[in-house]
Amino acid sequence: MSVLSRLALGAGVSILLSTTAMAADLTVGFSQIGSESGWRAAETSVTKAEAEKRGIDLKFADAQQKQENQIKAIRGFIAQGVDAILVAPVVATGWEAVLGEAKDAKIPVILLDRGVDASQDLYLTSIASDQVEEGRVAGRWLTENVKDKDCKVVELQGTVGSTPAINRKKGFEEAIADHKNVSIARSQTGDFTRSKGKEVMEGFIKAENGGKGICAVYAHNDDMAVGAIQAIKDAGLKPGSDILVVSIDAVPDIFAAMAAGEANATVELTPNMAGPAFDALAAYLKDGKEPPKFIITESKLYTPADNPKGEYEARKGLGY
Ligand code: AHR
């Protein structure tokens, strides 16, 4: 019998089990989006490592960027009677039915790194960054650095309909709103991937007089920024100086680019969403304590002043 069933059946008895004993008994399903970015790969590695550390049996399902695969995986986890489900939702909408099924089966669901447009009763907690703030941090960095200079920005958006794409755009627009010299000239999705980031940036460069009209690229993640850097170099321009590069995630490759003078700023997103998720779950299963609905991770800005070589070295073995 699962820990959760014991909790439900023997309220007041099962809750006396220690957290460690419970963790060792747990089976948790994890519906991961895919492997679109270095950050995503790191989140997957960290989640597996955190589960192993706690003796949790983690059932992993890679959805290859498709919501329908995530829904199938979640239904599979429900059928298996897992104790809890982690899901990184690829897009914001379309989750009510399947999350309702998990709720009916009394299986707590924890959202990782992205949000959903659904009733908050359908999940136990959401572990994510403040994605609007990430966009603001990036936008503030740009306005502070270009000062009064006119600056045409091209924007590489994340996956259409995903909360980081929606919110990072919103935050950046908020930050530049009072700076009439800074404007977004072009904006298109690069789907959070390096290859699409490069392809879309090539189009922007062509459309903007060989890139001469572009002052900065704002990418919703580092992988798209790395793709854009390649496109800028291929066009005979210098990323980091001819075209400023600001992005989000803080993956090792962006620090390598920064150390080479080819990237200017990134906003860190921790890949460790699973640690706080498993802690919240353990406390909930131990004594029924509901965690806060939103557990917000930090959004720290890194620039070339922050020892990019050292940051690269410190991160390169962490599964990115
Ligand atoms: O949801 C988090 C975002 O998803 C990361 O910033 C991006 O790299 C990933 O694909």
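Residues numbered from 1 in each chain as written. Predicted model: local features only at pLDDT ≥ 70, side-chain atom pairs only at ≥ 80, totals over all residues. Heavy atoms only, no water.

A word on the UniProt feature "domain: Periplasmic binding protein" (unreviewed entry) in the protein. Following the UniProt record, one finds the feature "domain: Periplasmic binding protein" (unreviewed entry) at residues 29-289. Taken end to end, residues 29-289 has its terminal C-alpha atoms 21 Å apart, with 45% of it in helix and 20% in strand. (UniProt positions renumbered as here; feature names shortened; annotations may be inferred. Helix = DSSP H or I, 4+ residues; strand = E, 2+ residues; numbered from the N terminus.)

Along its 13 residues, helix α9 (residues 222-234) runs 18 Å from first to last C-alpha, staying within 8% of the 18 Å computed at 1.5 Å per residue. Most of α9 sits out of view: 10 of its 13 residues are buried. Turning to α9, its buried residues number three or more, namely Asp222, Asp223, Met224, Ala225, Val226, Gly227, Ala228, Ile229, Ala231 and Ile232. Gly236, located one to two residues past α9, shows a positive phi value of around 80°. (Expected span 1.5 Å × (residues − 1). Buried < 20%, exposed > 50% of the residue type's maximum accessible area, 1.4 Å probe, protein only.)

Close to the ligand lie Glu36, Ser37, Trp39, Arg40, Asp113, Arg114, Pro164, Arg168, Phe192, Asn221, Asp249 and Leu269. Glu36 places a polar side-chain atom, nitrogen or oxygen, 2.4 Å from an oxygen atom of the ligand. In the model, an oxygen atom of the ligand is placed 2.8 Å from a nitrogen or oxygen of the Arg168 side chain. Taking 280 Å² as the accessible area of the ligand by itself, protein coverage stands at 100%. (Near = heavy atom within 4 Å. Polar contact = N/O pair within 3.5 Å; in protein donor to acceptor, adjacent residues only side chain to side chain. Areas by Shrake-Rupley, 256 points an atom, 1.4 Å probe, with all protein chains shown as cover.)

For the coordinates displayed, the defined rule picks out 28 salt bridges. Notably, a salt bridge pairs Lys53 with Glu50, separated by 3.2 Å at the nearest N-O pair. Here Glu50 and Lys53 lie together in helix α3 (residues 38-53), a separation of 3 residues that amounts to about one turn. Lys53 sits in the exposed class, given a relative accessible area of 62%. Glu50 gets classed as buried once you look at its relative accessible area, which sits at 10%. (Salt bridge = Lys/Arg side-chain N within 4 Å of Asp/Glu carboxyl O.)

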